[in-house]
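The chain contents come next:
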Amino acid sequence: MLKPVKTTAMALSLIALGAALPTGIGRVNATAVDAPLPTASGADKAAGLSGQEREGRIDASRPFGRHGALTAQERAMAETAWSYFVASYQPETGLVNSVGAYPSTTMWDTASYLSGLVSAYELQIIDKREFDRRAVKVLATLRNLDLFQGDLPNKAYNAKTAAKVDYLNKPGEIGYSALDIGRLLVWLKIIKERYPHLAGSVDNVVLRWNFCDVIGEGGQLFGVTIGKGGKPQLLQEGRLGYEEYAAKGFQLWGFNTTEASRAEPFQIVRINGVDVPADGRDPRIFKNQNYVVSEGYVLEGLELNWDRADDTSGLPGIASDGWRADFADRIYEVQERRFEETGILTARSEHQVEGAPYFVYDAIFADGYAWNTLDPAQGYQPDRAAVSTKTAIGMWALWDTDYTQLLFDHVASQSEPDKGFDEGVYENGSGVIPLQTANNNGIILAALLYKVQGPILQYRNDLPQLWDKALSGTGLRANRCLPESLEIQSLPLLAEDAACPSDIADPSVTITGYCRPARQPRLIRKASNRSGFKRSQLKV
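The rules we used
All residue numbers here refer to positions counted from 1 along the written sequence of the relevant chain. Local features in this predicted model are restricted to residues of pLDDT 70 or higher, and side-chain atom pairs are both shown and tallied only at a pLDDT of 80 or more, whereas totals for entire chains, interfaces and linings draw on every residue. In computing side-chain values, all of the structure's heavy atoms are included and hydrogens and water are not. Here a Phe, Tyr or Trp ring, Trp counted by its six-membered ring, pairs with any other such ring whose centre lies within 6.5 Å, and the pair is stacked when the planes are under 30 degrees apart, edge-to-face when over 60, and tilted otherwise. Only runs of H or I of at least four residues qualify as helices and only runs of E of at least two qualify as strands under DSSP, and these elements are numbered from the N terminus. We call a residue buried when its accessible area falls under 20% of the maximum for its residue type, exposed when it is over 50%, and partly exposed in between, using a 1.4 Å probe and counting protein chains only. A ring is scored as having a charge over it whenever the NZ atom of a lysine or the CZ atom of an arginine sits within 6 Å of its centre and within 35 degrees of its normal. Pairs of residues are marked as contacts when any of their non-hydrogen atoms sit within 4.5 Å. Think of a salt bridge as a Lys or Arg side-chain nitrogen and an Asp or Glu carboxyl oxygen that are within 4 Å of each other. We treat Lys and Arg as the positive residues and Asp and Glu as the negative residues; His and chain ends play no part in the count. Here a polar contact is recorded for every N or O atom pair within 3.5 Å, except that within protein the pair must consist of a potential hydrogen donor and a potential acceptor, and residues adjacent in sequence are included only if both atoms are side-chain atoms.

Chemist: Would you mind going over the packing of aromatic side chains in detail, with residue names and values included?
Modeler: Overall, the coordinates contain 25 aromatic pairs when judged by the stated rule. Taken together, a centroid distance of 4.7 Å and an interplanar angle of 55° make the contact between F131 and Y195 tilted. Highlighted residues: F131 in helix 5 (residues 128-143) and Y195 in the loop between helix 6 (178-194) and helix 7 (199-206), separated in sequence by 64 residues. Each member of the pair, F131 as well as Y195, is classed as buried. Ring pairing ties together the aromatic residues F64, W306, Y332, F339, W399 and Y403, which thus form one cluster. It is R183 that lies over the ring of W108; its NZ or CZ is 5.2 Å from the centre.

Right, dumping it as structure tokens:
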């Protein structure tokens, strides 16, 4: 029998509290947070649970979830994950194949390669010479990419030649993805902050891009697809979970993404006793399905700590973008609860599959149904539901529980020598998904780095930035819709005794920002023993 879950009070005890969410379409009152983040010593005086459940104390300097040196097993896993980027590397371009030996890639998967590259270097799997050699090569390729209509990276490129291609890897332009570009911007920001000697190369990549169409006047994100007759069509891109994560990539470079960064419109769906957030836009009207999956929330936790883009405080035990951390916690909890009630190990995300349909959205909720696995054509694919390896290990890093350890044990050995980790393990017992991908292995490496170092974006570069200075006075910044000179300021310090609101209907629901948790518990989740899997009390 499993030991009781030791749930961290991650989102619920560290972030702002607010009015109860409605049961239907909801709005978050995203008022500006003037109250500042505390220092580590100040936050440590507040009441609540730390990752080790220290009674009544929060250690703001300690990251959420698991933290410490890699074990021998974990070190071997990191080396296995890196082997994918050795086997699938294209020396002519410095790019890496998205899937196995097939020489095609996207900007999302290129970001996953950068994730693997940074992690492999920081975990001392490769030395500085190899890191610099690879980094300079791929940045040079990104700098010289043939852009879609001269504006932004095409949705797909031939990894061997860096030529624009369609999804069949044939020459052609097929538009650009705001979500893919947002993820790439996150990792370019991470590289320039961690490695100042590469900052100029990074900035030269982004300075070529034209942002006038990808961000709307209200801060929405727009992608481009090719419609009938070969005409480009500009379409709003992103749904709850992915949209806000990608928006943060743009925010980190100084862009305004107000609309894309809001939770609303959202709905709350009751699944296995958990209030799960889902996008509220009607797919029949907006022509875009809403998939509730783990990946956007897990990536934001590993890379950005569920922090606001203007938070440079460096306190890994505090999630300053409160509602994002709370929603992530619900996404995690509903998957653990499904296991408690059904015995089905659950760690869901989008993933590749062998054979048709080749790709599925393995959703917690989609198209009106819970635990719904759909292909891109909306075909129901229940036999393709799987424990996603990247999701299992990502949640293991962010939530230190017995359940995530069980997920870890389930996928930790599912890999191919010198090829990397398999995409996942099918829920129905039919075995592994025998595919290795850049996204899967890059996220696994990031999760292992998170365990050692905490949140991966770390502000270390206070030198002058080409991005802030270039093209000033030429009119070209305005022509490309680049932000004016960017000056990120840390949030001011919170008063020592500032407390969260107490006169609210549902203290488990966050708004945004951070406030100091109350010194006395206001909410206790009662133990659930329906399936024999005990849940310890979670105090807020």
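Chemist: Which residues make up helix 12 (residues 389-398), and what values go with them?
Modeler: An α-helix turns once per 3.6 residues; consequently, residues spaced three or four apart project the same way. Within helix 12, ten of the ten residues are buried, which leaves it mostly tucked inside the rest of the structure. Along helix 12, the residues classified as buried are T389, K390, T391, A392, I393, G394, M395, W396, A397 and L398.

Chemist: Describe unusual backbone geometry, naming the residues involved and giving the relevant values.
Modeler: Residue E264 is joined to P265 through a cis peptide bond whose omega torsion reads 0°. Examined against the element boundaries, P265 turns out to sit in the loop between helix 8 (242-251) and strand 8 (266-271). Here the residue pair A356 and P357 is connected by a cis peptide bond, since its omega of 10° sits within 30 degrees of zero. Inspection of the secondary structure assignment puts P357 in the loop between strand 10 (350-352) and strand 11 (359-366). A positive phi angle, close to 65°, is found at A162, a residue other than glycine. Within the secondary structure layout, A162 lies in the loop between strand 5 (157-158) and helix 6.

Chemist: I'd like to hear about helix 13 (residues 402-411), residue by residue, with values.
Modeler: Listed in full, the buried residues belonging to helix 13 are D402, Y403, T404, L407, F408 and V411. In the core, the buried residues of helix 13 are packed alongside helix 3 (72-87), helix 11 (322-342), strand 13 (386-388), helix 12, strand 15 (420-421) and strand 16 (424-426).

Chemist: Break down the pattern of salt bridges for me, citing the residues and quoting the values.
Modeler: For the structure on display, the rule yields 30 salt bridges. Of the charged contacts, one joins E193 and K189 as a salt bridge, the two residues approaching to 3.2 Å between their closest N and O atoms. Of this pair, E193 and K189 both sit in helix 6, four residues apart, roughly one helical turn. Its relative accessible area of 5% is what places E193 among the buried residues. D203 serves as the salt-bridge partner of K192, at 2.7 Å between the closest nitrogen and oxygen. In this pair, K192 sits in helix 6 while D203 sits in helix 7, placing the two residues eleven residues apart along the sequence. For K192, a relative accessible area of 3% puts it in the buried group. Within this structure, E244, K248, E300, D321 and R324 form a network of salt bridges that share partners.

Chemist: Please provide a residue-by-residue account of the side chain of R239, values included.
Modeler: Examined against the element boundaries, R239 turns out to sit in the loop between strand 7 (232-236) and helix 8. Buried charge without a partner: R239 forms no salt bridge, and the closest opposite charge is D279, 4.1 Å away. A polar contact is formed between the side chain of R239 and the side chain of Q236, at a distance of 2.6 Å. Of note is the side chain of R239, whose polar atom sits 3.0 Å from the side chain of N290.

It is worth stressing that arrangement in space is one thing and function is another; only the former is reported here.
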